[in-house]
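Given next are the chains, with one letter for each unit.
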Amino acid sequence: MPKEDLVLLALADEQIQRLFERALAAADYRVAIASDSSALDRVLQEATPALVILSQDFSGADGVTVAAGLLERFPTLPVLLFLPQDSPEVVRKALHAGISDCLFSPLKVDDIMQAVENSIRRANRLGDWTRREVRRTTASLQQRVDELQKFDTILNHIEDGVIIVDEQMDILLINPAARRAFGIWKDESLVGKPVLEIITHPELRALVTGGLSKVSPHHEIMFEDGRALSAQYTLIPKVGAAITMQDITYLKQIDRLKNEFVSTVSHDLRSPLTAILGYVDLLERVGPINDQQREFVKRVQVSVQSITSLVNDLLELGRIEAGLDTQRELVPLEGIIRYTLENASGQIVEKRLDVAMDLPENVPPLRGNPIRLRQLLDNLVGNAIKYTPDGGKVRIEVEQQNEQVILRVEDSGPGIPPADQPHIFEKFYRASNVPKGVGGSGLGLAIVKSIVDNHRGRIWVESVVGQGTTFTVVLPLGAEQK
Ligand code: ADP
């Protein structure tokens, strides 16, 4: 141990003081002396003693109280208390106040040196430990700060807009891509502001305020300047929520080009198909054909008819997607549901299906395109009937919730495997569950989805393999043209 450590003596009795001085000097300690409390303060300010030795009665004050005051200011400074005689009561108080050790008269040099060295060693150990802990904590804090900075850099550079809000919907974080999406170029800090102050787009507001909570979390948001964003709202426990936005404008453009191409081809296919059908019909009239030829003619007719219906579906889809159906009128849902069921009554009877309809009496008519809404129901109910095995159940349910109508078409059919569910609204997609011999083009649900989009509605599927499928459509009562 380096013996140049400084020991500060604050002792009332001069004789005792000299005894300590001699013992400490013999062991190579440096010594400072304070005869009253102002001298004590001065030494403590000017030097850093390794130890203070204080007498119980110091400059008219109680040594334990003085020591307690010192320890409050210098918590790691070891303090030894000298008592004229052993007093368990004072020792108890002293140890309680945090004093390292007590010495009593009669004093022996060995006892003094042992108490001094023990106190200093203990204080050094405590000091080392504290320094190590501080270093460790600082290092881990630095690591956290580095990680946060990295996280910050990533958020600032990604192309996706990210807004994090707290449970009161006030902004905790907004990255530059989100600022750009809302046209906020100013440098002003938005942290702490209500998020609804910057989100003015009605659909995005509905997404954030939970107006669309029953709907799937993904939303395509179209801006008037032609931009399309795919927005997502995710609850974050104990924080609030995250709103993430991805720019999908270019995907929409590609989609539009593809649709235009498909529409053109479908349109151009229609005339030759009509010609083929016409000439096949004429074949029998222009001369006799044998039975086998008649059978072949029939097969050609069936095939051409199926291509024609596919081409018609594609043209329909093109028309709906292009938003050409501007016609809007008040459509009573009950009427079109009954119409759909009447049309399908042959199949319902043939398959012995149990079809139920749950429609509250006072659901107001909704503003929409009657032809398209009928098509929507035909396709959804048609699928339920087509895919549900004989003797199964189909249920059509309508419910009004505020300004929207919820339509559910539920069946006890084979269900759609989870892996297929995200794709069933895509064009030409037929899931792996389609039983052998059940026909279809894979366009029905794509048409349904376009009609729903066109009416500013939402559609999603819930399905369990082996149990059945439910399609839910939410349509605003006053659906305006998109
Ligand atoms: P399709 O002409 O094949 O019926 P759709 O676009 O109408 O095409 O449907 C896409 C796919 O979704 C179907 O091929 C089928 O796999 C699945 N599907 C749709 N409705 C149902 C249903 N009610 N039950 C089970 N599967 C269904």
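These numbers come from a predicted model, not from an experiment.

Conventions we followed
- Residues numbered from 1 in each chain as written.
- Predicted model: local features only at pLDDT ≥ 70, side-chain atom pairs only at ≥ 80, totals over all residues.
- Heavy atoms only, no water.
- Near = heavy atom within 4 Å.
- Polar contact = N/O pair within 3.5 Å; in protein donor to acceptor, adjacent residues only side chain to side chain.
- Areas by Shrake-Rupley, 256 points an atom, 1.4 Å probe, with all protein chains shown as cover.
- Helix = DSSP H or I, 4+ residues; strand = E, 2+ residues; numbered from the N terminus.
- Nonpolar A, V, L, I, M, F, W, Y, C, P; charged D, E, K, R; others polar.
- Core = buried A, V, L, I, M, F, W, Y, C linked by side-chain atoms within 4.5 Å.
- Buried < 20%, exposed > 50% of the residue type's maximum accessible area, 1.4 Å probe, protein only.
- Contact = heavy atoms within 4.5 Å.

A. Expanded view of the site of the ligand. Contacts to the ligand come from 20 residues, most closely from Tyr387, Asp411, Arg430, Asn433 and Leu445. The side chain of aspartate 411 places a nitrogen or oxygen atom 2.8 Å from a nitrogen atom of the ligand. Compared with its free state, where it exposes 530 Å², the ligand has 98% of that area covered by protein. Listed by contribution, the elements that provide at least two residues to the shell around the ligand are α12 (370-387), α13 (444-454) and β19 (468-476). In terms of residues, the shell around the ligand owes the most to one element, α12, which gives four residues. A breakdown of the residues in the shell around the ligand according to their chemical character gives 10 nonpolar, seven polar and three charged.

B. Region of the structure containing the nonpolar core. Grouped together as the largest cluster of nonpolar side chains are 43 residues, with contacts concentrated most on Leu376, Leu377, Leu380, Leu407, Ile424, Ile459 and Phe471. Of all the elements, α12 adds the most residues to this core, at seven residues. Sequence-distant contacts of isoleucine 424, defined by excluding residues within four places in its chain, comprise Ile416, Tyr429, Ala431, Leu445, Val461 and Phe471. In this structure, Ala32, Val64, Val79 and Leu81 belong to the second largest nonpolar core, which totals 26 residues.

C. Layout of α13. With eight of its 11 residues buried, α13 lies for the most part within the structure. Turning to α13, its buried residues are Leu445, Ala446, Ile447, Val448, Ser450, Ile451, Val452 and Asn454. Here the buried face of α13 lies against α9 (291-321), α12, β18 (458-464) and β19. Looking one or two residues beyond α13, the residue adopting positive phi is arginine 456, at roughly 55 degrees.

D. Summary view of unusual backbone geometry. Cis geometry marks the peptide bond from serine 105 to proline 106, where omega comes out at -10 degrees. Its identity is not glycine, yet serine 59 carries a phi of approximately 45 degrees, on the positive side. If you trace the backbone, serine 59 turns up in the loop between β4 (57-58) and β5 (61-62). A relative accessible area of 40% places serine 59 in the partly exposed class. At methionine 169, a residue that is not glycine, the phi angle is positive and equals roughly 70 degrees.

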